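Listed below, chain by chain, are the residues.
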Amino acid sequence: MEYTQLGRTGLKVSRLVLGTMNFGPQTDEVESHAIMDAALDAGLNFVDTANVYGWGENKGRTEEIIGTWFAKGGERRDKVVLATKVFGHMGPDGPVWPNRDHLSALNIRRAVDASLKRLQTDHIDLYQFHHVDRGTPWDEIWQAMDVLVQQGKILYVGSSNHAGWHIAQANEAARRRNGLGLVSEQCHYNLAERRAEMEVVPAAQAYGLGIIPWSPLGGGLLGGALRKQREGGGARTASGRSADALANTQVRERIQAYEDLLDKHGLAPGEVALAWLLTRPGVTGPIVGPRTGEQLSSALRAVELQLSEELLGELDAIFPGPGPSPEAFAW
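Criteria and thresholds
Residues numbered from 1 in each chain as written. Predicted model: local features only at pLDDT ≥ 70, side-chain atom pairs only at ≥ 80, totals over all residues. Heavy atoms only, no water. Phe/Tyr/Trp six-rings, centres within 6.5 Å; stacked < 30°, edge-to-face > 60°. Buried < 20%, exposed > 50% of the residue type's maximum accessible area, 1.4 Å probe, protein only. Lys NZ or Arg CZ within 6 Å of the ring centre and 35° of its normal. Helix = DSSP H or I, 4+ residues; strand = E, 2+ residues; numbered from the N terminus. Arc of directions from axis to C-beta. Contact = heavy atoms within 4.5 Å. Pairing = 2+ DSSP bridges. Right-handed = clockwise from strand over helix to strand, strands pointing away. Axes fitted to C-alpha atoms, helices over the stretch in contact; angles between N-to-C directions. Parallel < 35°, antiparallel > 145°, perpendicular 65-115°, else oblique. Left-handed = near helix turned anticlockwise from the far one by under 90°. Nonpolar A, V, L, I, M, F, W, Y, C, P; charged D, E, K, R; others polar. Salt bridge = Lys/Arg side-chain N within 4 Å of Asp/Glu carboxyl O. Core = buried A, V, L, I, M, F, W, Y, C linked by side-chain atoms within 4.5 Å.

Moving on, we get to the packing of aromatic side chains. Under the criterion given, the structure shown has 7 aromatic pairs. With a centroid separation of 5.5 Å and 40° between ring planes, the pair formed by W69 and F70 is classed as tilted. On the accessibility criterion, F70 (7% relative accessible area) is buried. One aromatic cluster is present, built from ring pairs that chain together F129, W138 and W142. Residue placement shows R77 over the ring face of F70; its charged tip is 5.4 Å from the ring centre.

So this is what it looks like as structure tokens:
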């Protein structure tokens with residue numbers, strides 16, 4: 001496993017991030033623990049989750065599964081850089097209870113204590129804003145974060161799904177308070193979805209944030225979706241937005257060209273999609289969300305995959321980026 005520093009911090013993390021969103025909803029606790037053990041054995045030390053994972057009536061279940069894994073001991077917690085998120089509604093289903101979501105100081109205080117209890121740990125290494133809160137001022141948010149740092153409950157703060165100007169606004173507000181500010185941004189970024197390159201990636205680089213791409217395979221779109229479709233399914237086929245995308249003729253043609261190109265080179269589409277992200281400026285590591293041990297093994301192979309300049313050029317030709325801002329939309 002390769003390691004890098006998270007943005008401008010001294011924190012060393014693996015070039016792949018173990019995403020746990022499937023733990024609970026699709027992967028039971030026994031298999032989830034086996035995947036985490038295998039990831040740790042392979043040197044993958046960066047684990048990402050969120051308080052809402054488990055979804056619906058089972059919100060928080062994913063954090064509980066991680067917590068029971070930590071409780072097994074064996075220095076599991078000490079070896080892991082643990083990241084979770086706050087923003088989503090954590091009250092009971094039905095009528096929306098106020099102050100059970102977003103980034104008010106009250107909800108942050110409640111949410112972090114609840115996450116710590118479920119995770120069976122005394123601190124969170126990277127506490128991330130799952131979404132931008134347009135209704136809470138940054139001074140209030142940072143005051144709440146400062147208290148948590150002082151209490152030893154969190155170490156670093158990151159963002160997710162923030163625009164470039166949100167990153168700038170957040171870190172300028174933190175600077176006025178003499179704070180460290182955001183150290184990472186978790187954004188939607190992959191070969192087929194490169195809009196982050198226009199403003200989010202440059203903002204993150206300018207402020208020293210490590211970029212943590214989510215959905216690196218585009219929900220299965222970049223994982224050999226057409227091949228698996230022809231073969232009658234498989235462990236990871238396109239679903240949801242990706243399935244809808246394949247109904248678009250232009251998208252389908254690009255995916256076909258992508259799969260044909262990698263067939264020519266004898267490479268696995270999913271592994272190339274991950275390896276491509278590892279070549280992108282500012283990227284700390286993509287989030288992989290394995291449902292099985294084999295999916296984890298495939299992701300781990302991507303770290304060792306070296307893409308030639310020729311192949312990178314061919315990938316750019318199939319999936320061109322948006323270009324820099326403002327030139328992408330102005331003269």
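For helix α12 (residues 293-303), the complete set of buried residues consists of Q295, L296, A299, L300, A302 and V303. Looking straight down α12, one finds that the buried residues subtend no more than 145° of arc, so they occupy a single side. Check the buried side of α12 and you find it contacts α1 (29-41), α11 (269-278) and β10 (287-288).

The subject of this paragraph is the pairing of strand β6 (residues 124-129). Note on strand geometry: in a regular strand, side chains alternate between the two faces of the sheet. Of all 6 residues that make up β6, 6 are buried, and the element is covered over most of its length. Summarising the sheet, β6 and strand β7 (residues 154-160) pair through 5 bridges and their orientation is parallel. Residue L126 lies in a different strand from β7, and its bridge partner there is Y156. In this region the chain leaves β6, passes through helix α5 (residues 138-151) and returns to the parallel neighbour β7; the handedness of that crossover is right-handed.

For the rest of this paragraph, the subject is the packing of α5 against helix α6 (residues 164-176). Following both chains from N to C, one finds α5 and α6 inclined at 60°, their axes separated by 10 Å at the closest point. Overall, the two elements α5 and α6 adopt an arrangement that is oblique. Along this stretch, α5 crosses α6, giving a crossing that reads as right-handed. Every residue of α6 that contacts α5 at W138, D139 and W142 is listed here: H166, Q169, A170, A173 and A174. Class assignment of the residues belonging to the contact of α5 with α6 gives a composition of 5 nonpolar, 2 polar and 1 charged.

Turning to the pattern of salt bridges, a few remarks are in order. Proximity of charged atoms lets side chains of opposite charge pair with each other. Applying the stated rule across the entire model yields 17 salt bridges. With its nearest N and O atoms 3.1 Å apart, the salt bridge here joins R77 to D125. Of this pair, R77 sits in helix α3 (residues 76-79) while D125 sits in strand β6, and the two are 48 residues apart along the sequence. Pair check on accessibility: R77 and D125 agree, each one buried. Across the pair E193 and R195 runs a salt bridge whose closest N-O atoms are separated by 2.8 Å. It is possible to trace a salt-bridge network through shared partners that takes in R194, E197, R280 and D316.

Before going further, it helps to spend a moment on the nonpolar core. Y127, F129, W142, M145, Y258 and L315 are the most contacted members of the largest nonpolar core, which has 80 residues in total. Counting residues per element, this core draws most heavily on α11, at 7 residues. Ignoring anything within four residues of it in the chain, the contact list for F129 reads V86, L103, W138, I141, M145, V157, G158, S159, S160, H162 and L182. Membership of the second largest hydrophobic core comes to 12 residues, among which are V81, L126, Y156 and V183.

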